[in-house]
Amino acid sequence: MKITVTDLDGNDHVIEGKAGWTLMESIRDAGLPIKAECGGACACATCHVYVDMDWLDATGERSEEEEDMIDLALEVEDSSRLACQIELSDALEGLKVKLARDAVL
Ligand code: FES
């Protein structure tokens, strides 16, 4: 499935996402910068992304564990999510997200 990822400079990258894998893994596998320091264990905030407003419902709610980690992230917005906590499915074809600074820098 196609996913559009906007980098810190505002450039869009269309990457290939795989159903059953996480958004973080797909961003990483596409070669885009995402630190994801804990490897997807919901134990850091370095896979922070902003989900496009049109996709908030489709990506679901943050879990309590994710909420705790988001509290540690910088520049948190209503659309903030941890990319390792979004499992891709065909319903997310066309998803749009933007990398957050603490995922990259
Ligand atoms: Fe650490 Fe997502 S990679 S919380």
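Further up the page is the structure itself.
Read on for a plain summary of the structure. (Residues numbered from 1 in each chain as written. Predicted model: local features only at pLDDT ≥ 70, side-chain atom pairs only at ≥ 80, totals over all residues. Heavy atoms only, no water.)

## Points about the overall build of the chain
The criterion, for reference: Each helix is a run of DSSP H or I of at least 4 residues and each strand a run of E of at least 2, with the numbering of both proceeding from the N terminus. Radius of gyration means the value over C-alpha atoms here, while the globule rule gives 2.2 Å times the residue count to the 0.38 power. For every residue, the accessible area obtained with a 1.4 Å probe (protein chains only) is divided by the maximum for its type, and the residue is called buried under 20%, exposed over 50%, and partly exposed between those limits. With residues, only the protein chains shown are counted as cover, and all accessible areas are computed by Shrake-Rupley using a 1.4 Å probe.
Along its length, the chain carries 4 helices and 5 strands. Mapped in sequence order, the helices and strands of the chain form the string β-β-α-β-α-α-β-β-α. Computed over its C-alpha atoms, the radius of gyration of the chain comes to 12 Å, within 12% of the 13 Å expected for a compact globule of 105 residues. When the backbone C-alpha atoms are referred to their principal axes, the chain occupies close to 30 × 25 × 25 Å. Counting all 105 residues of the chain, 44% fall into the buried class. Carbon and sulfur atoms provide 45% of the accessible area of the chain, an area that totals close to 5600 Å².

## What to know about the sheet that holds strand E4 (residues 80-82)
The condition is simple: At least two DSSP bridges between two strands are needed for those strands to be called paired. Here the axes come from fitting lines to C-alpha atoms, over the contacting stretch only for helices, and the angles between their N-to-C directions go from 0 to 180 degrees.
With mixed pairing, the 5 strands of this open sheet are ordered in space as E2-E1-E5-E3-E4. The open sheet has two edge strands, strand E2 (12-16) and E4, and neither has a second partner. Geometrically, the sheet is characterised by an average inter-axis angle of 40° between neighbouring strands, direction not taken into account. Relative to E4, strand E3 (residues 48-51) is paired through 3 bridges, and the arrangement is antiparallel. Bridge assignment links Tyr50 to a residue of E4, and that residue is Ser80.

## Description of the pairing of E3
Alternating residues of E3 divide into His48 and Tyr50 and Val49 and Val51, and every residue in both groups is buried. Sheet topology places E3 next to strand E5 (residues 96-99); 3 bridges connect them, and they run antiparallel. Along E5, the bridge assignment pairs Tyr50 with Lys98.

## Some words on unusual backbone geometry
Positive phi values are uncommon outside glycine, yet Cys42 reaches one of about 55°. Inspection of the secondary structure assignment puts Cys42 in the loop between helix H1 (23-29) and E3. Taking relative accessible area as the criterion, Cys42 reaches 11% and is therefore assigned buried.

## Comments concerning the nonpolar core
Condition: Think of a nonpolar core as a cluster: buried Ala, Val, Leu, Ile, Met, Phe, Trp, Tyr and Cys residues, connected wherever their side-chain atoms sit within 4.5 Å. Should any heavy atoms of two residues lie within 4.5 Å, those residues are counted as being in contact.
Ranked by size, the top nonpolar core spans 29 residues in total, and within it Leu23, Ile27 and Leu95 carry the most contacts. Where this core is concerned, the elements lending two or more residues are strand E1 (2-6), H1, E3, helix H3 (64-70) and E5. Top contributing element to this core by residue count: H1, with 3 residues. Once residues within four sequence positions are removed from consideration, Leu23 is found in contact with Ile3, Val49, Ala83, Ile86, Leu88, Leu95 and Val97.

## Observations concerning the pattern of salt bridges
Filter applied, for reference: Here, a salt bridge means any Lys or Arg side-chain nitrogen found within 4 Å of an Asp or Glu carboxyl oxygen.
Tallying each qualifying case throughout the model produces 5 salt bridges. Between Arg28 and Asp29 there is a salt bridge, with the nearest N and O atoms lying 3.7 Å from each other. Take Asp29: its relative accessible area is 47%, and that puts it in the partly exposed class.

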